[in-house]
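Single-letter residue listing:
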Amino acid sequence: MKVETLIIGAGAAGMMCAAHAGPGALIVDHAKAPGEKIRISGGGRCNFTNLHTSPANFISQNRHFCKSALGRYTQWDFIDLVEQHGIPWHEKTLGQLFCDTTARDIITMLQAEMDKAGAQLWLQTDVGEISHDGSNFRVMFSRDGRATTVTARNLVVASGGKSIPKMGATGLGYQIAQQFGLPVITPRPGLVPLTFSDDRFKPLAGVATSARVTANGTSFDEAILFTHRGLSGPAVLQASSYWHEGETISVNLSPKMNLLGTLQRQRQADGRKALTTVLGQHLPTRLVDHLGDELDLQGNIADQSDLRLQTLCDALENWTLTPGGSEGYRTAEVTLGGVDTDALSSKTMGAKSVRGLYFIGECVDVTGWLGGYNFQWAWSSGWAAGREIAKS
Ligand SMILES: Cc1cc2nc3c(=O)[nH]c(=O)nc-3n(C[C@H](O)[C@H](O)[C@H](O)COP(=O)(O)OP(=O)(O)OC[C@H]3O[C@@H](n4cnc5c(N)ncnc54)[C@H](O)[C@@H]3O)c2cc1C
């Protein structure tokens, strides 16, 4: 079988590309249904973009690479598309846009756009050998127990990252890049809970509080959540993408309040209250109890000298922790690293060294923050490649 464009991966980026690549696109996936990650995203409501999307919200060895695609197909373009399809949506927090009803609305919308463009979708199809004869790609597939070979002028790799292997994530995109001599920045889990080698947080499992978490100089002010194995919650997930094995993170448990000034005022007004009781007005009680031994929280607030309060605030505002690891690809929302952007055109997502070969979405070394940025990258990069293919 011969097609103009073959897209591997019917996820967010692949479907977007198929909708814009012009007639004759074939999109294949080994899953039973397209857009499985869209379906489970955002707690089933898909955080499909972010109002504040800008290149600053992405991690890459080349932080300029994402500018072109994000600038040519923006969050406003995607919102227009969602509105054209009459999908109800709302802003939850921090510019994060979610479907009112279900993430399936986004999948249905993308399928309708693919149908309009005349794209063909093959599901439950396994990818075999891939070759290139200088002008066409030949890809072997196994479908319904039968071997099929497809010849295509353009090959778009949209097979995502390694996160959540249970949902069909594989490292196929990296293998294809390496086969064609494109370098790959070592993939690692991102937006992932951090773990500790001991059980220190086990008694705190389920406790949540607001905090500022800093890793490698980048800070996030959001909630943190203690888990049986360590730390999670949006601020920790965000920081995890900047953290590397062996490094520390710093947690400020009072990011929005002048804690020292507040405690000094309470010492005047409520001197007979226990220090733990006063701290419990600002932090979850279970957390204060837990910190009690470590920080020696004895006595009434009136008994605490300025120096003592200052030392206590320093400890609470710069709680330095060394995670032992992360929960890994099993729960990571994204995969950092991927196809080295130096090998790709930022305008078209095409490989500089192999005509007709494109990489889009999460398999590229561009990773967004938590909050709808990763889908926006999938839409923007998918659109850029699709548009280029349609033009050529
Ligand atoms: C639980 C969870 C929730 C998330 N929530 C959000 C959110 O709300 N907002 C947001 O912006 N981002 C979210 N993300 C991240 C987002 O889902 C991804 O960044 C995005 O899906 C990447 O799009 P993609 O098309 O590159 O890859 P994917 O959507 O992963 O698509 C890749 C496709 O390739 C197929 N594939 C893989 N290997 C093969 C192979 N060997 N052969 C054939 N097919 C293959 C897969 O089956 C899949 O359909 C979430 C991720 C997870 C895991």
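Residues numbered from 1 in each chain as written. Predicted model: local features only at pLDDT ≥ 70, side-chain atom pairs only at ≥ 80, totals over all residues. Heavy atoms only, no water.

Caption draft 1: How the structure looks around the site of the ligand. Taken together, 28 residues surround the ligand, and among them Ala13, Asp29, Thr170, Glu362 and Phe375 come closest. The separation between a nitrogen atom of the ligand and a polar main-chain atom of His30 is 3.3 Å. Between the ligand and Thr170 there is a distance of 2.7 Å, counted from a nitrogen atom to a side-chain nitrogen or oxygen. Contact with the protein chains removes 91% of the 1000 Å² of surface that the ligand exposes when unbound. Elements supplying a minimum of two residues to the shell around the ligand: helix H1 (12-20), helix H2 (36-40) and helix H12 (373-391). Examining the composition of the shell around the ligand, we find that three residues originate from one element, H12, more than from any other. In the shell around the ligand, the residues fall into eleven nonpolar, 13 polar and four charged. (Near = heavy atom within 4 Å. Polar contact = N/O pair within 3.5 Å; in protein donor to acceptor, adjacent residues only side chain to side chain. Areas by Shrake-Rupley, 256 points an atom, 1.4 Å probe, with all protein chains shown as cover. Helix = DSSP H or I, 4+ residues; strand = E, 2+ residues; numbered from the N terminus. Nonpolar A, V, L, I, M, F, W, Y, C, P; charged D, E, K, R; others polar.)

Caption draft 2: Geometry of the nonpolar core. In terms of nonpolar packing, the biggest core is built from 81 residues, with Leu6, Ile38, Phe78, Ile106, Phe359, Trp377 and Trp379 touching the most fellow members. If you tally residues by element for this core, the top one is H12, at nine residues. In this structure, Phe359 is in contact with Val157, Gly173, Ile176, Ala177, Leu182, Val339, Leu344, Met349 and Val364, ignoring residues within four places of it in sequence. Grouped together as the second largest cluster of nonpolar side chains are 41 residues, Val251, Leu279, Leu297 and Leu312 included. (Core = buried A, V, L, I, M, F, W, Y, C linked by side-chain atoms within 4.5 Å. Buried < 20%, exposed > 50% of the residue type's maximum accessible area, 1.4 Å probe, protein only. Contact = heavy atoms within 4.5 Å.)

Caption draft 3: Broad picture of the packing of aromatic side chains. The final tally for this structure, using the stated rule, is 15 aromatic pairs. Arranged with centres 5.9 Å apart and planes meeting at 40 degrees, the rings of Phe220 and Tyr242 form a pair that is tilted. Placement of the pair is Phe220 in strand E14 (residues 218-226) and Tyr242 in the loop between helix H7 (234-240) and strand E16 (249-252), with a sequence separation of 22 residues. Across the pair, exposure class does not vary: Phe220 and Tyr242 are buried alike. Ring-pair connections join several aromatic residues into one group, and the members of that group are Phe58, Phe220, Tyr242, Trp369 and Tyr373. (Phe/Tyr/Trp six-rings, centres within 6.5 Å; stacked < 30°, edge-to-face > 60°.)

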